[in-house]
Amino acid sequence: MSNLRHGLSGTRTYKAWAAMIYRCTKPKHPNFVDYGARGISVCERWMVFERFVQDMGLCPDGLELDRSNVNGNYEPGNCKWVTHAEQSINKRKCLYVEIDGITIHVKSEAKRVGISDRTVYSRFHNGIRGAALFAKPTRCTHDLSGANLYIAPDGRHHCRACGRVRTARYNARIAAS
C-alpha cells in the first residue's frame, strides 16, 4: 500500500480504499472468498491511494464504495459512491425478475406495492411468475366453521376449501413441469 503522506489515513475514503485492497488481495481476510477468490481485483492504478482519490474523489458522508457490476473489478467506470440502501440492492444474492420486458428488483417492488418481500420470495420459489408475484394477498371468503375449519397444531385457523385450491394449483404446477 502507499505511504501515508496524504494526511487522509483516518478518513472514510482511506478506510474504504484499504478494505477494498485487503478483501481482494489478502487470503486471510474474512471476505476474501467473496472477492479475491472469485477473481475480483483492484486495478493497478488504484493500488496507490492518491490515484484512487483522483478518480473517485473523497467519500461523501453517508456513502459507501460500490461496484456497478458486482462481478467486475474495482476500477474507474465500475465504481461509485452510493448510500447503504442503494448498495444493498446491488448484490449477487438479490432477486430480479422480468415482467413485460422490465427488470424489477423484487425487494424494492414489494416495498413499493406494500406487501412483504417474504411473500414475493415464497411465491417465486413456488413457481408463480409475472405480475402475480406482486399481487396483494386476498382474504378467504369461505365460512370458517364446521368441517371447513382446520386448526393447526400451532393454533392457527385454516380454511380447508382454500387448502384444496392451493393443493390443486400445486399439483397442476408439478404435473406441468
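Residues numbered from 1 in each chain as written. Predicted model: local features only at pLDDT ≥ 70, side-chain atom pairs only at ≥ 80, totals over all residues. Heavy atoms only, no water.

(A) Examining the environment of Pro60 more closely. Checked against the element boundaries, Pro60 lands in the loop between α2 (49–56) and β1 (64–67). The exposure class of Pro60 is partly exposed, given its relative accessible area of 34%. Expressed as a C-alpha distance, the spacing of Pro60 and Thr13, which sit 47 residues apart in the sequence, is 8.4 Å. For Pro60, the contacting residues outside a window of four places in its chain are Arg12 and Trp81. (Helix = DSSP H or I, 4+ residues; strand = E, 2+ residues; numbered from the N terminus. Buried < 20%, exposed > 50% of the residue type's maximum accessible area, 1.4 Å probe, protein only. Contact = heavy atoms within 4.5 Å.)

(B) View of a positive patch on the surface. A surface patch of like charges, here positive, comprises Lys91, Lys93, Lys107 and Lys111. Looking at where Lys107 falls in the secondary structure, it is placed in helix α4 (residues 106–113). (Patch = residues over 30% accessible without salt bridge, like charges linked within 9 Å, V, L, I, M, F, W, Y side chains within 5 Å. Areas by Shrake-Rupley, 256 points an atom, 1.4 Å probe, with all protein chains shown as cover. Salt bridge = Lys/Arg side-chain N within 4 Å of Asp/Glu carboxyl O. Lys, Arg positive; Asp, Glu negative; His and termini not counted. Charge placed at Lys NZ, Arg CZ, Asp CG, Glu CD.)

(C) Representation of the environment of Val53. The residue Val53 is located in helix α2 in this model. Judged by its relative accessible area of 18%, Val53 falls in the buried class. Separated by 39 residues in sequence, Val53 and Tyr14 have C-alpha atoms that sit 8.8 Å apart. Ignoring sequence-local partners within four residues, the contact set of Val53 consists of Thr13 and Leu58.

(D) Quick peek at the packing of aromatic side chains. Scanning the entire structure with this criterion turns up six aromatic pairs. Between Tyr14 and Phe49, the aromatic rings sit 5.0 Å apart at their centres with planes inclined by 70 degrees, giving edge-to-face as the arrangement. Of the two residues, Tyr14 is situated in helix α1 (residues 12–25) and Phe49 in helix α2; the sequence distance between them amounts to 35 residues. Of the residues examined, Tyr14 reaches a relative accessible area of 12% and is grouped as buried. Residue Phe49 is classed as buried on the basis of its relative accessible area, which comes to 1%. (Phe/Tyr/Trp six-rings, centres within 6.5 Å; stacked < 30°, edge-to-face > 60°.)

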